[in-house]
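Structural features, examined
Each chain is listed here by its residues.
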Amino acid sequence: MKLSRREFLATSAAGATIGAMGRSGAVMAQAVRSPRRAELPRPRGPRVVVVGGGWSGLSMAKYLKQEKPDFDVVLVERRAMFMSCPMSNLWLAGLIELEFLVHSYLDAARNNGYLYLNATATELDRHRRRLYTSEGFIDYDYLVVAPGIGYDYAAMGVKDPADRARLAQDYPAAFRPGSEHLTLKRKLEDFDGGTFVLTVPPGSYRCPTAPYERACVIASLFKRDRLKAKVVLLDAHADIVVGRHGFHEVFRRLYADYIEYVPGFEIETLDPGRKRVVGGVGDVDFDDAAIYPPVRGAEVLERFGLMDPADPQKEARIDPLRYHLLGDERVYVTGDSRPMPIAKTGYTANSEARYVAKVIAHHAEGSDFTPWYSPEALCYATVSTHPHQAISVFAHYIYRQNEREVVTYTARPDVDDHWDHAKALSGLEWARAFYREMFD
Amino acid sequence: MKRRTFIKLCTSVTAAIAANPRLLAAAPTGVTARNRVKLVDAKGAPVHPDGLAVGQNYIFHYPFQGTPCFLLRLPAGKVKAGIPLKTEKGEVYPWAGGVGKGGTVVAFSAICTHLMTHPTDKLAFIHYYHGKDSELAGRSDVITCCAHGSVFDPAAGAKVIAGPAPQPLTAIVLELDAKDGGLYAVGTQGADIYHQFFRAFKRELRKQFGRRVAKREVEGTTTLVPLEEYTKQRIDC
């Protein structure tokens, strides 16, 4: 392998970064610096590479192409098949089939005029505008990184890496779709009674209603099967984060014997061997659990140098209105790795993508796109499985600039306390429409 | 374009303009002339504005056999015909408005311009609220889509007043026949989402209407049905 001096230096730097992260730096650096160009058709217009095929990346790829048809859009995604996190609680409850949640990246790409590259993004050279992947490198005009969330077990006080690995494997959070969800479903089917612990992490986490919805769904199954079992929901927040009135009512009226809600529970550490959550106010032993650790921006942000080191949740260092990396208007970060306090949901990701695609299209045409508009989130949360009933939660955001020109976003959640079957049906339509939008 | 289609187009544009002179101004930018189709009731009789109930959702299919529309008789005195509306692509068009006394009889495509939710034979997540509030909208006399919360004002050309929809519902241009006084649909205004719609709903449309039926243009007559008869379940939000 012949390397130019600059490539060699960059390789060393990458090795150092990866090494510092505790990975096998040298080996990875060799692997990621493949000088091979990814096998893609020659771009016919400005090439936009989207890293990550979740709700944000899929929406970005589609809307970029829609906003500016001469964009040559490539979606880089390491998974070979899409699985949806939204609605996955309904699948855990047996209300929908797995086919409802899984979809083809090939369909998404061929129906929306972009290319799908089944590859892992490994390294970024912003100076050369080159993204390295496990399938070769791609030169870009614009890069959108939409990598979703990572789990920060260390921030939950679990110091020993072996314990972190064990927690991730034995008590998966099931908020990154795939095996985590399959395992949780199997656990629920196998559960014969006792205490099932769920946790709500502090700060901003993926899908604000989901942990409460999941508690309801699991309790609903326990109740249906008349199990001597209880869901213990340990919430790092002082109260239910969204849908407060509705969920409190549901807990009280439907699941008084099945859900124990513990607000303000600060986890000091977790002992997976003893099946024990150690908290400031006392310990909780469990028979089984799905531990949702604190959420951070996906690890790839750190590797690509896109992370804000001052951000406690390790999210992206981007302009909160334009979404570009500070100092580089060719690189954008969208979706659940954004640092703004916008709910991490599929809906906001889709809604935001419509806007960010416009920003990038305007930039490519040399004009400035000014009118920021709020992403939206109308969510339906299932509270009962038999019969299937849901509540709805609505949020949008406002943009404020104080005297120091600091930008903040404020969520204004609107809560609907009333639950019924119509909302459950609306929730299914909500999802079907989004899947059609992304894949058909 | 076939010669016959072209002639038909010209004829219907002329007829539409003759029946509604406001269209003259709008025609070059706003109106897509389509088949002139007579609205009929279940017995095949023409539909007259006076026979329609205020606030009732009526469904008919136009301009294609698989594309549902709302026909509404709005309360008097609120209709803002001529109001300028804008498509997502930025095309501005003055809404043609309605027909009948006070122009209160209006029609819109029932396909939400956000993600194309529309009433089917099984479920209706999108419809008009009159005499009761749409909870999501916090008011009545709106068309609300429960899937994602888009709210449209039918008295203002189905302009978006809340939610994620990027453009108004497509307006259906109506006219009253000079001879029988019945309602006719003659064209559309605004967003053209039909191509996208047929692609995204291919399988569902095949199930509801049969193979290749949904894409066929409606010719001659189209039947008007109250929403409650058209769909099994109306979802309110």
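The structure contained in this document is the topic of the report that follows. Keep in mind that this is a model prediction, so the values were computed, not measured.

1. Thoughts on the sheet that holds strand S7 (residues 130–133) of chain A
Residues and elements named next belong to chain A.
- The strand order across the open sheet formed by 3 strands is S6-S7-S8, and the pairing between neighbours is antiparallel. Single-partner strands in this sheet number two, and they are strand S6 (121–125) and strand S8 (136–139). Strand-to-strand, the axes of this sheet are offset by a mean angle of 20°, without reference to chain direction.

2. Overview of the interface of chain A and chain B
- Every contact between the two is made by 22 residues of chain A and, on the other side, 22 residues of chain B.
- With both sides pooled, the region where chain A packs onto chain B buries about 1,800 Å², and carbon together with sulfur makes up 50% of that total.
- At the surface where chain A touches chain B, the tally comes to 3 salt bridges.
- Salt-bridge contacts for Arg203 of chain B lead to Asp440 of chain A; the nearest nitrogen and oxygen are separated by 3.4 Å.

3. Looking at the nonpolar core
- The biggest cluster of nonpolar side chains holds 147 residues, and the ones touching the most others in it are Leu64, Met87, Leu131 and Tyr435 of chain A.
- In terms of residue count, helix H13 (residues 421–439) of chain A provides more of this core than any other element does, 10 residues in total.
- Ignoring sequence-local partners within four residues, the contact set of Met87 of chain A consists of Ile96, Phe100, Leu101, Gly427, Leu428, Trp430, Ala431 and Tyr435 of chain A.
- By size, the runner-up hydrophobic cluster in this structure holds 30 residues, among which are Leu174, Ile193, Ala200 and Leu224 of chain B.

4. Here's the deal with the environment of Arg206 of chain A
Residues and elements named next belong to chain A.
- The topology assignment puts Arg206 in the loop between strand S11 (194–200) and helix H9 (210–224).
- Judged by relative accessible area, Arg206 falls into the buried class, the value being 15%.
- In sequence terms Arg206 and Asp336 are 130 residues apart; their C-alpha atoms lie 7.2 Å from each other.
- A distance of 2.9 Å separates a polar atom in the side chain of Arg206 from the backbone oxygen of Phe175.

5. Quick word on the side chain of Gln167 of chain B
Residue and element names in this part refer to chain B.
- With respect to the helices, strands and loops of the structure, Gln167 is situated in the loop between strand S11 (159–162) and strand S12 (171–176).
- Judged by relative accessible area, which is 9%, Gln167 ranks as buried.
- A polar contact of 2.9 Å, which involves the side chain of Gln167, links it to the backbone nitrogen of Glu88.
- Other than its neighbours up to four places away in sequence, Gln167 contacts Lys86, Thr87, Glu88, Thr113, Phe152, Val160, Ala191 and Ile193.

So, how was this worked out
Residues numbered from 1 in each chain as written. Chains lettered and ligands numbered in written order. Predicted model: local features only at pLDDT ≥ 70, side-chain atom pairs only at ≥ 80, totals over all residues. Heavy atoms only, no water. Pairing = 2+ DSSP bridges. Helix = DSSP H or I, 4+ residues; strand = E, 2+ residues; numbered from the N terminus. Axes fitted to C-alpha atoms, helices over the stretch in contact; angles between N-to-C directions. Contact = heavy atoms within 4.5 Å. Buried area = accessible area lost by both parts, 1.4 Å probe. Salt bridge = Lys/Arg side-chain N within 4 Å of Asp/Glu carboxyl O. Core = buried A, V, L, I, M, F, W, Y, C linked by side-chain atoms within 4.5 Å. Buried < 20%, exposed > 50% of the residue type's maximum accessible area, 1.4 Å probe, protein only. Polar contact = N/O pair within 3.5 Å; in protein donor to acceptor, adjacent residues only side chain to side chain.

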